[in-house]
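# Close look at the chain arrangement
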Amino acid sequence: MSAQKPAQSDDPIELLADSMNVWVGKLSDIVHKVIDTEPIRNVINWARMYSLWPVNITTACCSAEFGAASGARHDLERFGVLPYGSLRQSDLIVIEGTITKKMAKRLRMIYDQMAIPRYVIAMGDCAISGGLFHDSYSIVNGAHEFLPVDVFVPGCPPRPEALEHGIIMLQEKIRNSKVYPQS
Amino acid sequence: MTTTDKPAQESTLGSPSPDEPGAQTLTLSVGPQHSGSGHMRLIVELDGDIIINAEPDPGYVHRGIEKIIELRNIIRSIPVIERPSIIDASNLNHAWVKAIEELQGVEPPARGQYLRCLLNEMNRIMSHLYWLSIYGVFLGHTTMFMWPLGDRELFIDLAESLTGARITYSYLVPGGVRRDLPQGFAEEAIKRTEYFEKRLDEYENIFFKNPLFTSRAKGVGVLSRQRAIELGATGPTLRGSGVEADLRKDEPYAAYGELDFKVHTRPDGDSYSRVMVHVDEMRESSQLIRQILEKMPSGPVRRKAPIVVPRGEAYSRVESARGECSFYMIGEGGDKPYRARYITGSYRNMAAISAVLQGVRLADMPTSWWSIDYWPVEADR
Ligand code: SF4
């Protein structure tokens, strides 16, 4: 006697749905592949690169240089970086310095609520490794401990020019990335 | 069809009696991810759109600085001392070196004292400008965000030529300052301060007389003179409520005793008064910079001071951009203090937040609490 087939429902609608799922899954694979081809991907990445809106979250004193970078003279908006209030419409977290244990939870919450694609820039020595406050009892030594960081901008505080360089590096990274990240 | 004799209860379930206390209020948590909150959270209780109670929730930037300065020697502590109010680094640094000098009994040379005052006043302007730009953002006035930040760079360039850093100077050290004026500094500074005063007149036209600002600041967020004193407010917040208190005048330190300046106050205690006190102070500081450069004596800028905190206790206070900043220090004879208590202007003004926000409309909340010039990093330390 041959092996029993896996139990199948007799309901025609369910059968149809099953096969549809298979087909839709395949279809979306194909669509993803098509979109990830060179010309379309370039257009999408181009759009993503120049509308990096960082969410309004300030963690410590590097925010002073972030402010200076968004203001006149440095004007981050020419790179498409416009600090924005709502995290649902934002693409970027710029971690501006020391992350206290109290703030780390909130940062993770904010990251989890943001829509993909989302990017993280760790600005300042404190956000990289604890910096000046590495031996403090109330801080997290580095953003990489709880968030995937794309670009690190060292300095205490980094000059606005350094932050601009970090943004350009992130844009470079986005230019070469896939439309559908694996994560 | 069947009928029931049960009375319709559903309709009354959702609406408790309006007389019940707390029945019609809504509690909002504003921040820390919010454009109107900064590095802190405000727990706001609303009745309609009127704030009936607002509680600040600080501590998002508490980094344990008082502990850290017990672990580093007094020179290595200087960058740590500056970080709480990075936009006002020199004034905080001044409180620190003043406490150490009091214990050591070292008196810096006269030129060093003048240079300290010079950087203090530049820092006061930079800090007020940064504050004003954020005030502009909170009001939705983008020009007032861009202009002050642009003009702040005038002084940042000056400070950079003097100290080598944009905003974190570590310029004041026990015994004096790190270095003398660079060549051509005085001419450049005079040019820039004069230009800056002209710019302040332009601000006047575009912002301070603008109904967009005045209608949302005059009579909003009133802190009466009595209440301000009771709550221990300090700095521009206190002076905005009509109290003439400024440590530069009351307890002249460094070279302030020899300088000629006015303490600006406004009587009303509303948002508008606090903003205008900042603006008057910027004018005064700009004038002070020129005066300092004119009166500056020649001579050395630094006297030798040992890296040691002698046994004893000292208390120092200075007038920072956000009010009184003080250190209480206990020395044990080592190169670190045994204990240093660090109190900043924002920390003192935290109590004023609830008082100012009571009765304010929710839409005016960001500008009202920001008019106190509360910098959360400085308050949390
Ligand atoms: S890196 Fe420096 S400036 Fe930035 S948050 Fe840390 S201490 Fe402050």
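Residues numbered from 1 in each chain as written. Chains lettered and ligands numbered in written order. Predicted model: local features only at pLDDT ≥ 70, side-chain atom pairs only at ≥ 80, totals over all residues. Heavy atoms only, no water.

### So, the overall build of chain B
- Counting secondary structure elements, chain B contains 15 helices and 8 strands.
- In terms of its C-alpha atoms, chain B occupies a principal-axis envelope of roughly 105 × 50 × 35 Å.
- Taking all 381 residues of chain B together, the buried fraction comes to 59%.
- Considering only contacts within chain B whose residues lie at least 6 apart along the sequence, 71% involve residues at least 24 apart.
- Accessible surface computed for chain B: about 14,600 Å², of which carbon and sulfur atoms make up 50%.
- Looking at chain B, you have 45 positive and 51 negative side-chain charges, and the mean spots of the two groups are 6 Å apart. (Helix = DSSP H or I, 4+ residues; strand = E, 2+ residues; numbered from the N terminus. Buried < 20%, exposed > 50% of the residue type's maximum accessible area, 1.4 Å probe, protein only. Contact = heavy atoms within 4.5 Å. Areas by Shrake-Rupley, 256 points an atom, 1.4 Å probe, with all protein chains shown as cover. Lys, Arg positive; Asp, Glu negative; His and termini not counted. Charge placed at Lys NZ, Arg CZ, Asp CG, Glu CD.)

### Quick look at the pattern of salt bridges
- Overall, the coordinates contain 45 salt bridges over all chains when judged by the stated rule.
- Between R111 of chain B and D180 of chain B there is a salt bridge, with its nearest N and O atoms 3.0 Å apart. Of this pair, R111 of chain B sits in helix α5 (residues 110-138) while D180 of chain B sits in the loop between β5 (176-177) and α7 (185-208), and the two are 69 residues apart along the sequence.
- Looking at R111 of chain B, the relative accessible area reads 13%, which means it is buried.
- Connected via shared salt-bridge partners are E65 and R73 of chain A together with E153, D157, R166, E188, K191 and R192 of chain B. (Salt bridge = Lys/Arg side-chain N within 4 Å of Asp/Glu carboxyl O.)

### Considering the sheet that holds strand β1 (residues 92-96) of chain A
All names here are of chain A.
- An order of β1-β3-β5 is seen for the 3 strands of this open sheet, with the pairing classed as parallel. Strands at the two margins of the open sheet, each flanked by one partner only, are β1 and β5 (151-153). In this sheet, adjacent strand axes meet at a mean angle of 15 degrees when their direction is disregarded.
- Judged from the 5 bridges that link them, β1 and strand β3 (residues 119-123) form a sheet pairing that is parallel. Bridge pairing links L92 to Y119 in β3. (Pairing = 2+ DSSP bridges. Axes fitted to C-alpha atoms, helices over the stretch in contact; angles between N-to-C directions.)

### Brief notes about the packing of α5 of chain B against α7 of chain B
Residues and elements named next belong to chain B.
- Running from N to C, α5 and α7 cross one another at 25 degrees; their axes reach a closest spacing of 13 Å. Relative to α7, the element α5 lies roughly parallel. Of the two elements, α5 crosses α7, and the hand of that crossing is left-handed. Across from L118, M122, I125, L129, L132 and Y135 in α5, the residues of α7 making contact are F185, F196, Y203, F207 and F208. (Parallel < 35°, antiparallel > 145°, perpendicular 65-115°, else oblique. Left-handed = near helix turned anticlockwise from the far one by under 90°.)

### Quick word on helix α13 (residues 345-357) of chain B
Residues and elements named next belong to chain B.
- Compared with the 18 Å implied by 1.5 Å per residue over 13 residues, the 19 Å span of α13 between its first and last C-alpha is a close match.
- Taken as a whole, α13 carries its principal kink of about 40 degrees at A351.
- In terms of burial, α13 is a largely internal element, 10 of the 13 residues being buried.
- The set of residues buried in α13 consists of G345, S346, N349, M350, A352, I353, S354, A355, V356 and L357.
- Positive phi appears at G359, one or two residues downstream of α13, with a value of about 85 degrees. (Expected span 1.5 Å × (residues − 1). Bend = angle between axes of the 7 residues up to and from the residue.)

### What to know about the sheet that holds strand β6 (residues 312-320) of chain B
All names here are of chain B.
- Across the sheet, which stays open at both edges, the 3 strands sit in the order β6-β7-β8 with antiparallel pairing between neighbours. Across the chains shown, the open sheet's two edge strands, defined by having one partner strand only, are β6 and β8 (337-343). Taken pair by pair, the neighbouring strands of this sheet meet at an average axis angle of 15 degrees, ignoring direction.
- Bridge count for strand β7 (residues 323-331) against β8 is 6 bridges, and the pairing is antiparallel. Bridging from a neighbouring strand, Y328 pairs with R341 of β8.

### Side note on a nonpolar patch on the surface
- Where nonpolar side chains cluster on the molecular surface, the patch consists of L27, I30, V31, V34 and I40 of chain A and spans about 420 Å² of accessible area.
- A total of 4 residues in the nonpolar patch trace back to one element, the largest contributor, which is helix α1 (residues 12-35) of chain A. (Patch = residues over 30% accessible without salt bridge, like charges linked within 9 Å, V, L, I, M, F, W, Y side chains within 5 Å.)

### As for the confidence of the model for chain B
Residues and elements named next belong to chain B.
- Residues at a pLDDT of 70 or more form 93% of chain B, whose mean pLDDT is 85.
- Taken together, the stretch residues 1-14 has pLDDT below 50 and engages in 0 contacts with residues farther than four places along the chain or on a different chain.
- If you check the scores for this complex, the pTM reads 0.86 and the ipTM reads 0.82. (pLDDT = per-residue confidence, 0-100.)

### Regarding the interface of chain A and chain B
- Counting residues at the interface gives 38 residues for chain A, matched by 38 residues for chain B.
- For the pair chain A and chain B, the summed buried area comes to about 3,100 Å², and 57% of that belongs to carbon and sulfur atoms.
- Across the chain A-chain B interface, the total number found is 17 residue pairs in polar contact (both at pLDDT 80 or more).
- Elements that contribute at least two residues to the side of chain A that touches chain B include exactly α3 (63-70) and α4 (101-113) of chain A.
- The greatest single-element share of the side of chain A that touches chain B, amounting to 6 residues, is contributed by α3 of chain A. (Buried area = accessible area lost by both parts, 1.4 Å probe. Polar contact = N/O pair within 3.5 Å; in protein donor to acceptor, adjacent residues only side chain to side chain.)

### Overview of the nonpolar core
- Judged by nonpolar contacts, the single largest core of 138 residues is most densely connected at W96 and F208 of chain B.
- Examining the composition of this core, we find that 15 residues originate from one element, α5 of chain B, more than from any other.
- Excluding anything up to four places from it in sequence, W96 of chain B contacts I69, I74, S77, I78, I81, F327, M329, P337 and A340 of chain B.
- Judged by nonpolar contacts, the second largest core, of 19 residues, contains C62, M123, I167 and I174 of chain A. (Core = buried A, V, L, I, M, F, W, Y, C linked by side-chain atoms within 4.5 Å.)

### Some words on a positive patch on the surface
- Taken together, R178, R179, R302 and K304 of chain B make up a surface patch of like positive charges.
- Considering the arrangement of structural elements, one finds R178 of chain B in the loop between β5 and α7.

### Observations regarding the domain arrangement of chain A
- Taken domain by domain, chain A consists of domain 1 (16-46) and domain 2 (50-175).
- Just the C-alpha atoms count here: the centres of domain 1 of chain A and domain 2 of chain A sit 32 Å apart. (Domains from an automatic or database assignment.)

### What to know about the site of the ligand
- Near the ligand there are 15 residues, and of these C61, C62, G97, C126 and C156 of chain A occur at the shortest range.
- Each of chains A and B places residues next to the ligand.
- Residues of the shell around the ligand, tallied by class, amount to 8 nonpolar, 4 polar and 3 charged. (Near = heavy atom within 4 Å. Nonpolar A, V, L, I, M, F, W, Y, C, P; charged D, E, K, R; others polar.)

### Regarding the environment of S77 of chain B
Residues and elements named next belong to chain B.
- Note that S77 resides in helix α3 (residues 77-82).
- Take S77: its relative accessible area is 0%, and that puts it in the buried class.
- Apart from residues lying up to four places away in sequence, S77 is in contact with I69, R72 and W96.

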